[in-house]
Each structure stands twice: as structure tokens, then as C-alpha cells.
Amino acid sequence: SGPWAFAVLVLAVTLVMCWEWGHVVRRGSTGVDPVLIVHGLTVGGAVLLSAAGYAALGVIGLLAGTFVVGVLRFGEKARMSALGVLYVGLPAVALLLLRGAEPYGFLAVLYVLLVVIATDVFAYFTGRMVGGAKLWPRISPNKTWSGLVGGVAMAGVTGAAFSFAVSGGVPLRLALIGLGLGLVAQGGDLVESALKRDFGVKDASGLIPGHGGFMDRMDGIVTAAPVAALIGLLINMYAPARALLLGI
């Protein structure tokens, strides 16, 4: 439906994630406090700036908001509250940066999403079917090395298959990027698990029955999207979506 429709979706999801971050790091807080207001306004502003084509200003706004939240929570888990601004905001900016880089924006975002989904789904099923040694039992008791390998391998397969949807796409190149994004996405899953365990929370929220909250579903996107955007920017800062998919 276009970049602005996507921006509305991203805005809605990120605002919920701002609330969930507060619920996790501020010991189950469900109310609206000054920190949540600043968090939401900062991320919302970054989303709007990025959708309008000013992603760099969006990142600057996120850094400013991180500082303000840190000051507001000074001496009371300030670092973790402040970190939430970047945790929620950077992937939003990254997704919108890619989506707005037409004419490849839609395909670039779809590529990232499909790679992460493939990683999550096949990590789960491979881990269940093969089992074996635990990946990091103290942080996430159910994750296994076999699940990690299976998930990342399928990310590569998905990347290679996606090349046939992109005119000029090279299967090996998109497979290798897919492998990297799959590995990063699994790292994001572990980071979120470590966060929840550190604060004694099982799920970020109960907004998605059977799945927890939006943070629980977006943990792979949170890390994979910024990496994908960075790859595109390093290759061609003026056309990051095309650069991600085609290397030019």
C-alpha cells in the first residue's frame, strides 16, 4: 500500500513496544509516566521523520530521547530505560529507510521479514525434531544448537529463493546475506530472552495470546533490520534497498 501505510503500521507496533519495554524494565509498570511519554514521542517522531525521508534526523532524535530518558530515570535503572529508546526506534528507522528507497523498497523489506520468519520457524521445528545440546540454557532453556543451525540454514535458503523475485538478483549473494541476517536475528532472540530473565518477566506482555507481546515477536526484526539497512547504506547510501538486494 506504499511507504506511508507501512509507516502507520510501524508506528502502531513501535508504540506498543515502548509500553512493553516499560512493563519489562520498570518492574511490571503498566501506567503512563513521563518516561513512557518521552519514549513514545521520541520513537514516534523518528518514525515520522524516517517516513518523510529524513532517517538521519530520526536517529539524531532517538539519541536525544535516549539522553532525556536517562536523565528522567537517573539513579533508577536509567540505563535500561534509556536503552529502550534505541531498541525500539532503530529497527523502525531501518525498516522505513529501506521501505522508502523506491523502487526496491517493498522487496527489500519483504526480504528481511521473510528471512527472519524463516529463521524463527525452522529454528523452532529443527530444535524440536533434532534436539541435542542446549544453546544457552541459563538464558533460554529451550533453544538448541541444532535449532540455531537449522534456522540460519533456512534463512540462507530463503535468501537464495528470494533472488528469483528480484530482477538481477544473485542467489549466492542473497543467500549469504540471508545467513548473516538469520544469525543476527537469532542473536536478537537471545538478547530479548536475557532481558526478560534479568527482570524476572516471562513475556513482554499478554497482548498476543499464546505468543506474549510484540517485543516477543519482533526480537529478530529488532536486530536484523538495522543490520540490513547498514549493509545497504555501506554499499550505496543513496539507494540502500537496491544495494541490499542487488549490490549496486
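Residues numbered from 1 in each chain as written. Predicted model: local features only at pLDDT ≥ 70, side-chain atom pairs only at ≥ 80, totals over all residues. Heavy atoms only, no water.

This next bit is on the overall build of the chain. Along the backbone of the chain there are nine helices and two strands. Mapped from its N terminus to its C terminus, the chain presents α and β elements in the order α-α-α-α-α-β-β-α-α-α-α. Against the 2.2 N^0.38 benchmark of 18 Å for 248 residues, the chain shows a C-alpha radius of gyration of 18 Å, consistent with a compact globule. Relative to its full complement of 248 residues, the chain shows a buried share of 50%. In the chain, of all internal contacts separated by at least 6 residues, the share reaching a separation of at least 24 is 68%. When the 16 basic and 11 acidic side-chain charges of the chain are each reduced to a single mean position, those positions are 5 Å apart. (Helix = DSSP H or I, 4+ residues; strand = E, 2+ residues; numbered from the N terminus. Rg over C-alpha atoms; globule rule 2.2 N^0.38 Å. Buried < 20%, exposed > 50% of the residue type's maximum accessible area, 1.4 Å probe, protein only. Contact = heavy atoms within 4.5 Å. Lys, Arg positive; Asp, Glu negative; His and termini not counted. Charge placed at Lys NZ, Arg CZ, Asp CG, Glu CD.)

Moving on, we come to the side chain of Thr 119. With respect to the helices and strands, Thr 119 occurs in helix H5 (residues 105-130). A distance of 2.7 Å separates a polar side-chain atom of Thr 119 from the backbone oxygen of Val 115. Beyond its immediate chain neighbours, meaning those up to four positions away, Thr 119 contacts Gly 151, Val 152, Ala 155, Gly 182 and Gln 186. (Polar contact = N/O pair within 3.5 Å; in protein donor to acceptor, adjacent residues only side chain to side chain.)

Time to look at the packing of aromatic side chains. For the coordinates displayed, the defined rule picks out three aromatic pairs. Taking 5.4 Å as the distance between ring centres and 50° as the angle between the ring planes, the aromatic pair formed by Tyr 111 and Phe 162 counts as tilted. With Tyr 111 in helix H5 and Phe 162 in helix H6 (residues 145-162), this pair connects stretches of sequence that are 51 residues apart. Exposure remark for Tyr 111: the relative accessible area of 1% places this residue in the buried category. Residues Tyr 124 and Phe 125 carry aromatic rings whose centres are separated by 5.1 Å and whose planes lie at 80° to one another, so their mutual orientation is edge-to-face. (Phe/Tyr/Trp six-rings, centres within 6.5 Å; stacked < 30°, edge-to-face > 60°.)

Turning our eyes to something else, we now look at the packing of H5 against helix H8 (residues 214-235). Their axes nearest at 10 Å, the elements H5 and H8 cross at an angle of 140°. Looking at the two axes, H5 sits oblique to H8. Here H5 and H8 pass one another in a crossing that is right-handed. Of the residues in H8, those in contact with Val 112, Leu 113 and Val 116 of H5 are Gly 220, Ile 221, Ala 224, Ala 225 and Ala 228. Looking at the contact of H5 with H8 residue by residue, the class counts come to seven nonpolar, one polar and no charged. (Axes fitted to C-alpha atoms, helices over the stretch in contact; angles between N-to-C directions. Parallel < 35°, antiparallel > 145°, perpendicular 65-115°, else oblique. Left-handed = near helix turned anticlockwise from the far one by under 90°. Nonpolar A, V, L, I, M, F, W, Y, C, P; charged D, E, K, R; others polar.)

Let us look at the layout of surface pockets. Taking a probe equal in size to a water molecule and rolling it over the atoms shows the remaining empty space. Empty space within the largest pocket amounts to approximately 1,100 Å³. Along the wall of the largest pocket there are 31 residues; nearest its centre are Tyr 124, Ser 140, Asn 142, Lys 143 and Arg 217. Elements with a minimum of two residues in the lining of the largest pocket: H5, strand S1 (134-136), strand S2 (140-144), H6, helix H7 (171-198) and H8. A total of six residues in the lining of the largest pocket trace back to one element, the largest contributor, which is H7. Of the residues in the lining of the largest pocket, the class split is seven nonpolar, 11 polar and 13 charged. (1 Å grid on protein atoms, 1.4 Å probe; cavity = no way out; pocket = protein on both sides within 12 Å on 5 of 7 lines; lining within 4 Å. Points joined across faces, edges and corners; volume = space filled by probe spheres on them.)

Before going further, it helps to spend a moment on the side chain of Ser 193. Inspection of the secondary structure puts Ser 193 in helix H7. Looking at Ser 193, the relative accessible area reads 11%, which means it is buried.

The nonpolar side chains of a soluble globular protein tend to be buried, and buried together. Of all hydrophobic cores here, the largest spans 58 residues; its most connected members are Leu 98, Tyr 111, Leu 244 and Leu 245. Looking at this core, the element that brings in the most residues is helix H4 (residues 78-99), giving 10 residues. Leaving out residues up to four positions away in the same chain, Leu 245 has contacts with Tyr 104, Leu 107, Ala 108, Tyr 111, Phe 162, Val 166, Arg 173 and Leu 174. (Core = buried A, V, L, I, M, F, W, Y, C linked by side-chain atoms within 4.5 Å.)

At a closest axis distance of 7 Å, the pairing of H5 and H6 adopts a crossing angle of 145°. In the packing of H5 onto H6, the handedness of the crossing is right-handed. When H5 is examined against H6, the residues Leu 107, Leu 110, Tyr 111, Leu 114, Val 115, Ala 118, Thr 119, Phe 122, Ala 123, Thr 126, Gly 127 and Val 130 are found in contact with a partner set consisting of Ser 146, Gly 147, Gly 150, Gly 151, Val 152, Met 154, Ala 155, Thr 158, Gly 159 and Phe 162.

To continue, consider a nonpolar patch on the surface. On the surface, a cluster of nonpolar side chains totalling about 790 Å² of accessible area is made up of Leu 114, Ile 117, Val 121, Phe 122, Tyr 124, Phe 125, Met 129 and Val 130. For Ile 117, the location among the structural elements is in helix H5. (Patch = residues over 30% accessible without salt bridge, like charges linked within 9 Å, V, L, I, M, F, W, Y side chains within 5 Å. Areas by Shrake-Rupley, 256 points an atom, 1.4 Å probe, with all protein chains shown as cover. Salt bridge = Lys/Arg side-chain N within 4 Å of Asp/Glu carboxyl O.)

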